[in-house]
Each structure stands twice: as C-alpha cells, then as structure tokens.
Amino acid sequence: MKKMLITGALGQIGSELTNKLRDIYGNANVIATDIRQTNTEVAVNGPFEILDVVDAQRMFELAKKYKVDTIIHMAALLSATAETKPVFAWNLNMGGLMNALETARELNLKFFTPSSIGAFGPNTPKVNTPQDTIQRPTTMYGVNKVAGELLADYYFHRFGVDTRGVRFPGLISYVTPPGGGTTDYAVEIYYQAIKNNKYSSYIQKGTFMDMMYMPDALEAIIDLMEADPSKLIHRNAFNVTAMSFDPEQLAAEIRKHIPSFELSYEVDPVRQAIADSWPNSIDASAAADEWGFKAKYDLASMTCDMLEKVKDKMK
Ligand code: AKB
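Here goes a summary of the coordinates provided. (Residues numbered from 1 in each chain as written. Predicted model: local features only at pLDDT ≥ 70, side-chain atom pairs only at ≥ 80, totals over all residues. Heavy atoms only, no water.)

### Digging into the packing of aromatic side chains
1) Next: Under the defined criterion, the tally for this structure stands at seven aromatic pairs.
2) Next: Aromatic pair Tyr185 and Tyr202: ring centres 6.2 Å apart, planes at 85°, arrangement edge-to-face. You can see Tyr185 sitting in helix H7 (residues 185-196) and its partner Tyr202 sitting in the loop between strand S10 (198-201) and strand S11 (209-213), a full 17 residues away along the chain. Each member of the pair, Tyr185 as well as Tyr202, carries the same accessibility label: buried.
3) Next: Feature note: the residues Tyr154, Tyr155 and Phe159 constitute an aromatic cluster, connected by ring pairs.
4) Next: When the ring centre of Phe159 is taken as origin, the NZ or CZ atom of Arg105, which lies over that ring, is 5.2 Å away. (Phe/Tyr/Trp six-rings, centres within 6.5 Å; stacked < 30°, edge-to-face > 60°. Helix = DSSP H or I, 4+ residues; strand = E, 2+ residues; numbered from the N terminus. Buried < 20%, exposed > 50% of the residue type's maximum accessible area, 1.4 Å probe, protein only. Lys NZ or Arg CZ within 6 Å of the ring centre and 35° of its normal.)

### Some details on the sheet that holds strand S3 (residues 48-50)
1) Next: Read across the open sheet, the six strands follow the order S3-S2-S1-S4-S5-S7; overall the sheet is parallel. Pairing within the sheet leaves two strands with one partner each, and these edge strands are S3 and strand S7 (163-164).
2) Next: Strand contacts of helix H3 (residues 56-65): strand S1 (4-7), strand S2 (30-34), S3 and strand S4 (70-73), with the helix running at about 160° to S3, the strand carrying the most contacts.
3) Next: Against the sheet, helix H5 (residues 86-107) engages S4, strand S5 (110-112) and S7, with an angle of about 170° to S4. (Pairing = 2+ DSSP bridges. Contact = heavy atoms within 4.5 Å. Axes fitted to C-alpha atoms, helices over the stretch in contact; angles between N-to-C directions.)

Remember, this is a structural readout, not a statement about activity or role.
Rendered as structure tokens:
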C-alpha cells in the first residue's frame, strides 16, 4: 500500500485508522472520506473529501483523482441500527460495498473491508467458533456481512481483485465513540464508571462476546494488508479476537481500579437478541497461521489503559 482512500473515515475505526495510516504512509497519501465533515483532526490533517458511499460515480472519481492504489471501505451501519432500519441498512451496506468493489476492479486497487462476528448466527458453534463453519445469521447486519464476505471472495476469484478482510469482534476505544452497535456497552461502561461510578447494562449478565482493543484492530488491518499474498488461504473474513467476557467480568476488572463501581441491568431486548445469536468466543488460529495475527491487549491491560485515557479525556 502506498496511497489509500478510506470511506467512513470519521467513524469509530476510521478516525483512528486514518491517523495511524498517515503516520506510516504520510498525510498526503491517505485520503479520508465521509458523508459529512465534522471538525476533527482527520478532516484537517490531510486530504478530506465528502463521499456518500452509495454514490458510485463520486467514489470512482475520487479514487481516480488521487491515483490511490488501495481502497479501505469502512462505511457501514452497525448491527443495532441496521435492525431498526433494515432496508436502509441493505442499501447502504451492500450498495456501498458493491461501489467500492467496482471501483477496485476498474482501477485495479487493493481492497480491505471488515466483516464481523455478526456474520455468525444461532446455529454456528458457539465456543471457539471455527474459521470455516455454518453462518446463517438472523440479523440484517449479519446478512450484509455474509453477503459481503462472499462478494469480496467473488471479486478475487472472478476478477483477480486483491480483496482482504477480517471478522472484527466488538472494538473498544476511547477516541471516537461507536454508534449503533450491540457491543457498544463495553465502551460506555468505562465512561460511566469514571463519570458516575455506576453503569446500567443493556446486555444481560452471562452474555459472552468477543472483544478487542482498538490498537490491536488497527495493527490487524495493516498487517493483513501488508501480508504476503502467497501465504493467504483465506482472504476476506479472518476471525480475529483478543478476549471474550460478559458484563460481570468487565465490571470485576473495572473494580480493581474503582472498587465502588456498581453494575446494574436494564436489558434491551433487541440488542440482547442480537448478542444471543452471536458466538461466545471465536477461534483466530487461521489469522495467526496465515499472516501472524496476535493481539497485544487482554482484558486487564486494556482496562488499565482505557480508564487512564478516558480519565484524561474527561479532565
Ligand atoms: C456491532 O456491535 O454491531 C459491531 C460488530 C461486532 O460488528 N461492534
């Protein structure tokens, strides 16, 4: 990768990814795009363009104008929002992906887009979920993600587009808040712990989901994109994870730093049903074997860092 265009660059992953890529590849070589410009570092540090990913023509023209060699397609509606607006989610998630893949095909670009643990469903083996297994998701987001994995494979096999991707678990970060996801509770809890010493979780105790700290997610994207293609057996949907916990375990870790922290529950049936349909823990050994994936942060080290950074941010 030398010059790249990122969609959804002001989102939870996009904003940190853009900064990291600019540090590595140079500010001018990372073209940030999003549907609207908010006054963030990303929009002023280097090239920024307004792009609605359903506008195929503009996506193509921007990629051509900046002569990029890679497209990193991050713009998408997350699981909980997609469930409330399924038609809009289909049009945005699938339309945006199709436009990005077509741009990559026409201009011969490398391509990255994330899938998710949401690509699995209630019939998937729940523990240590294998890389290749039954998926059959029951959410619109999951349907989009499975279709996206297959579509990206198709563009590789049919047209030779160098498509790559991972299945992200819930991502935890302190820079840009997530929005509309099922795993967002695991971010909110840190802010509430510092602000109010308590948190009311919309996810029930005993609900385990895979999670990863943002620095590991960013490393994973870059490592996969720079990996030797001859080593890749899979391409578009590598399971990656760093930890699996339920709200009680997360609260217990927070109490090591804030002993008076209180956790209560007000379960949201929509997000709980989504979480119940996802695996408890996934197996990331294919990513480890094929391109050396290894997360650095576990629950303890992530919690230490999150509490420190969120505290600084709130000063
Ligand atoms: C969500 O909760 O929708 C996302 C995801 C796991 O894909 N964080």
